[in-house]
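# Structural characterization, general
Spelled out from the first residue to the last, the chains are:
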Amino acid sequence: MRKIQMVDLVAQYQDLKSEIQESFSQILENASFINGPEVSGFQKDLETYLGVKHVIPCANGTDALQIAMMGLGLKPGDEVITADFTFAATAEVIALLQLTPVLVDVDPRTFNIDPQAIRHAITPKTKAIVPVHLFGQCAPMEEIMEIAREHNIYVIEDNAQAIGANYKFADGRLEKAGTLGDVGATSFFPSKNLGCYGDGGAIFTNDDDLAHTIRGIVNHGMYRRYHHDVVGVNSRLDSLQAAVLRAKLPHLDRYCQQRREAARFYNAAFSGHAQLTVPLTMRGCEGICDTCDCHVFHQYTLKVAGGKRDGLADHLAASGIPFGIYYPIPLHRQKAYLDSRYGEDDFPVTNALCKEVISLPMHTELDEEQLQFITKAVLEFMNG
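Along each chain, the written sequence defines residue order, and numbers are assigned to residues from 1. Local features in this predicted model are restricted to residues whose pLDDT is 70 or higher, and side-chain atom pairs enter the listing and the counts only when it is 80 or higher, whereas totals over whole chains, interfaces and linings include all residues. Side-chain numbers come from the whole structure's heavy atoms, not from hydrogens or water.

### A closer look at the sheet that holds strand β8 (residues 183-187)
The pairing criterion for strands is at least two bridges between them, as found by DSSP. Each helix is a run of DSSP H or I of at least 4 residues and each strand a run of E of at least 2, with the numbering of both proceeding from the N terminus. Spatial ordering of the open sheet is given by β1-β9-β8-β5-β4-β2-β3, a layout of seven strands whose pairing is mixed. The open sheet has two edge strands, β1 (54-58) and β3 (100-104), and neither has a second partner. For this sheet the average axis-to-axis angle between neighbouring strands, irrespective of direction, equals 25°. With five bridges joining them, β1 and strand β9 (residues 201-205) adopt antiparallel strand pairing. The residue of β9 that forms the bridge with V55 is F204. Contacts were defined at the residue level, with two residues in contact if any of their heavy atoms lie within 4.5 Å. Axes here refer to lines fitted to C-alpha atoms; in helices the fit is confined to the stretch in contact. Angles between the N-to-C directions go from 0 to 180 degrees. In the packing of helix α2 (residues 37-50) onto the sheet, contacts are made with β1 and β9, and the angle to β1 comes to roughly 135°. Where helix α7 (residues 208-217) meets the sheet, its contacts fall on β1, β8 and β9, and the angle it forms with β1 comes to roughly 15°.

### Considerations on the packing of helix α9 (residues 252-270) against helix α12 (residues 368-382)
Each pair of packed helices gets described by two things: the angle between the helix axes and the distance between those axes. Interhelical geometry of α9 versus α12 gives an angle of 35° and a closest axis separation of 10 Å. Crossing handedness for the pair α9 and α12: right-handed. Where α9 abuts α12, its residues A262, F265, Y266, A269 and F270 lie against E368, L371, Q372, I374, T375, V378 and L379. Amino acids are sorted into nonpolar (Ala, Val, Leu, Ile, Met, Phe, Trp, Tyr, Cys and Pro), charged (Asp, Glu, Lys and Arg) and polar (every other residue, Gly among them). Looking at the contact of α9 with α12 residue by residue, the class counts come to nine nonpolar, two polar and one charged. Left-handed is the label given to a crossing in which the near helix is rotated counterclockwise from the far helix by less than a right angle, and right-handed is the label when the rotation is clockwise.

Below, the structure written as structure tokens:
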């Protein structure tokens, strides 16, 4: 059996090796390292894939979120609501811009932000909501957009984990994750479903004026060289990373489907176990239906009951199986985000999840032998 990896980027590279090496060779020969044709080509390809008017590449996913907020003109003291159960970058950029992060609880089934918690958190200072499409599944965007329209506030999608996912509206209409709000941001970190070989990110919007503003922000506020019209940053996707992403993009749907197949295998093994809760889709599916594309399984995350999560983690480590605990400490307990406004009773779901969740290996190269080994090890401990 091949060694089990949390994400097997080496095996994935072999499939695209010649194409990527050829693109790298061309870039090295013509020295088009910054803002070269590979960047503009990838931008256009991604716009077509997402069905969005504007994709603005940038240096990483954290920058993408920050620049999106800068583009909207949010001011110090404005409140921005986001999920307590997420990676720190989501709240980090809010605080960096001297905005006020307002953390709220999540849905126990999907781990995504709870719309009712959003409603309860809105004040006259609320200017934006940042739903996080966690682990590869869209947040309940239809309800979130209704809330935003009611209160005239922006929606900034943190799509770092769900590129390629579709959101299905009540009327049957499908739209890609990251294109539903006023602006979306994503990361191309190597482990993502669409990942480069370093750092990279992008911002998406259908708003022409906002896109124009953001294009200036990512390049020192310049639209003409040495003419600085807005306060900007230096955040550009380099040509080598764009070449990798351009090679991978045509395979993204296949990558997501392969992840779903692995998730189906896991679900078949674990469904019905009294102390294991498998991932549920936002429509409440107890499994992954053949037409399911609302979840792209950036992570496959179990809930482990009975106080057994840490014991299972130790057992997997002893068995040579990598795992992740996303996330062990909620944001409201992190030193950087402590706030007297919060009480532990505000976050019952997040507090429980931090003690229960564990993520198993999930990538495009998992084979049946590996999946059988992983599921056998999990059940061996849980049934022991």
